[in-house]
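# Survey of secondary and tertiary structure
The lines below spell out each chain.
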Amino acid sequence: DQQVKQNSPSLSVQEGRISILNCDYTNSMFDYFLWYKKYPAEGPTFLISISSIKDKNEDGRFTVFLNKSAKHLSLHIVPSQPGDSAVYFCAVPSNTGKLIFGQGTTLQVKP
Amino acid sequence: ETGVTQTPRHLVMGMTNKKSLKCEQHLGHNAMYWYKQSAKKPLELMFVYSLEERVENNSVPSRFSPECPNSSHLFLHLHTLQPEDSALYLCASSQPGTSREQFFGPGTRLTVL
């Protein structure tokens, strides 16, 4: 059973609007969450993270929200830009250091 | 050169071939990872090395054999692969204890004929 789930395989938004990417997890012991962005033919690059002691972390146009009671986190991108078009993965570190990834959501931002 | 590099970027091999994937990190990290990304599946961890010792082997078939000669280099030796092993193989590194962030290489796109 997948511990980290991204239920929307794709999302399309207009340039300038908000993009909201969602991620659900099953283990309430997870205490740190990361978002990665991946362009075709490149490896994932770290985008933003949040600790479970917070419910919001903001970095420029990117904000991650954490709802621990719902075991849900979301990534907000505002305003969205065409260069944001990529695959976005949420990930959780296990106690052995490995990252457990969601399936990814492909974001397309239309000019 | 900085970051995490992987060679080759693309590899096509037959089922009887032996090949190796190489990963090199120039970040001073002491943990390195191999991940596999198949189409429409999440990234799957294959192996973890910390301080050049394998600390995790995620039930990977023996036709995949990792090697970590030092903290900067990681290899994945491939032998008698199957077509379903065709995937993107990603290497990553991290510095445990200071950050949970992992830095990824660009990946090797492997096709097994």
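This section reports on the structure supplied with the text.

Basis of the calculations
Residues numbered from 1 in each chain as written. Chains lettered and ligands numbered in written order. Predicted model: local features only at pLDDT ≥ 70, side-chain atom pairs only at ≥ 80, totals over all residues. Heavy atoms only, no water. Pairing = 2+ DSSP bridges. Helix = DSSP H or I, 4+ residues; strand = E, 2+ residues; numbered from the N terminus. Axes fitted to C-alpha atoms, helices over the stretch in contact; angles between N-to-C directions. Core = buried A, V, L, I, M, F, W, Y, C linked by side-chain atoms within 4.5 Å. Buried < 20%, exposed > 50% of the residue type's maximum accessible area, 1.4 Å probe, protein only. Contact = heavy atoms within 4.5 Å. Phe/Tyr/Trp six-rings, centres within 6.5 Å; stacked < 30°, edge-to-face > 60°. Buried area = accessible area lost by both parts, 1.4 Å probe. Salt bridge = Lys/Arg side-chain N within 4 Å of Asp/Glu carboxyl O. Polar contact = N/O pair within 3.5 Å; in protein donor to acceptor, adjacent residues only side chain to side chain. Disulfide = S-S within 2.5 Å.

Residues and elements named next belong to chain B. The sheet built from four strands is open, its strands ordered β1-β3-β8-β7 with antiparallel pairing. A strand with exactly one partner marks an edge of an open sheet, and here the two such strands are β1 (4-7) and β7 (64-70). Each adjacent strand pair in this sheet contributes to an overall mean axis angle of 20°, direction not counted. Two strands pair when backbone bridges link them, and strand β3 (residues 18-25) and strand β8 (residues 73-79) are joined in this way by seven bridges, in the antiparallel orientation.

What follows deals with the nonpolar core. Residue and element names in this part refer to chain A. Counting residues in each nonpolar core, the largest one holds 24 residues, and the members touching the most others are Phe-33, Trp-35, Leu-73, Leu-75 and Tyr-88. Contributing elements (two or more residues each) for this core: β3 (19-25), β4 (32-38), β5 (45-51), β7 (62-67), β8 (72-77), β9 (86-93) and β11 (105-110). Here the element with the most residues in this core is β9; it accounts for four residues. Excluding its chain neighbours within four sequence positions, the residues that come into contact with Leu-73 are Leu-21, Asn-22, Cys-23, Tyr-25, Phe-33, Trp-35, Val-64, Phe-65 and Leu-66.

A few words now on the sheet that holds β3(A). Residues and elements named next belong to chain A. Across the sheet, five strands lie side by side as β1-β3-β8-β7-β6; this open sheet has antiparallel pairing. Both edges of this open sheet fall to β1 (4-5) and β6 (56-59), since each of them pairs with a single strand only. Here β6 pairs with β7 via four bridges, running antiparallel. What sits directly across from Asn-57, in β7, is Val-64.

So, about the packing of aromatic side chains. Here the structure, examined in full by the defined rule, presents eleven aromatic pairs over all chains. Ring centres 4.7 Å apart and planes at 45° place the aromatic pair A:Tyr25 and A:Phe33 in the tilted group. Taken individually, A:Tyr25 and A:Phe33 each receive the classification buried, so the pair is uniform in this respect. Aromatic ring contacts, followed pair by pair, group A:Tyr36, A:Phe46, A:Phe89, A:Phe101, B:Tyr33, B:Tyr35 and B:Phe104 into a single cluster.

So, about the interface of chain A and chain B. Contacts between the two partners involve 20 residues from chain A, matched on the other side by 18 residues from chain B. Of the roughly 1,500 Å² buried between chain A and chain B, counting both surfaces, carbon and sulfur atoms make up 58%. The largest contributions to the chain A side of the interface with chain B come from A:Pro44, A:Lys98 and A:Phe101, which together make up 29% of the buried area. Joining chain A to chain B, the criterion identifies zero salt bridges. Linking chain A to chain B there are three residue pairs in polar contact (both at pLDDT 80 or more). Listed by contribution, the elements that provide at least two residues to the side of chain A that touches chain B are β4, β9 and β10 (99-101) of chain A.

Residue and element names in this part refer to chain B. In this sheet, β8 lies alongside β7 in antiparallel orientation, the contact comprising five bridges. When the bridges of β8 are listed, Asn-70 appears paired with His-73. A loop of two residues connects β7 with β8, the two strands running antiparallel in sequence.

Throughout this description, disulfide means a covalent bond between two cysteine sulfur atoms. Applying the stated rule across the entire model yields two disulfides over all chains. In this model, A:Cys23 is linked to A:Cys90 through a disulfide, with the two sulfur atoms separated by 1.9 Å. Disulfide A:Cys23 to A:Cys90: torsion about the S-S bond roughly 65°, handedness right-handed. Of this pair, A:Cys23 sits in strand β3 while A:Cys90 is found in strand β9, placing the two residues 67 residues apart along the sequence. For A:Cys23, a relative accessible area of 1% corresponds to the buried category. The disulfide partner of B:Cys23 is B:Cys91, and the S-S distance across this bridge is 1.9 Å. An S-S torsion of about -70° defines the bridge between B:Cys23 and B:Cys91 as left-handed. In this pair, B:Cys23 sits in strand β3 while B:Cys91 sits in strand β9 (residues 87-94), placing the two residues 68 residues apart along the sequence.

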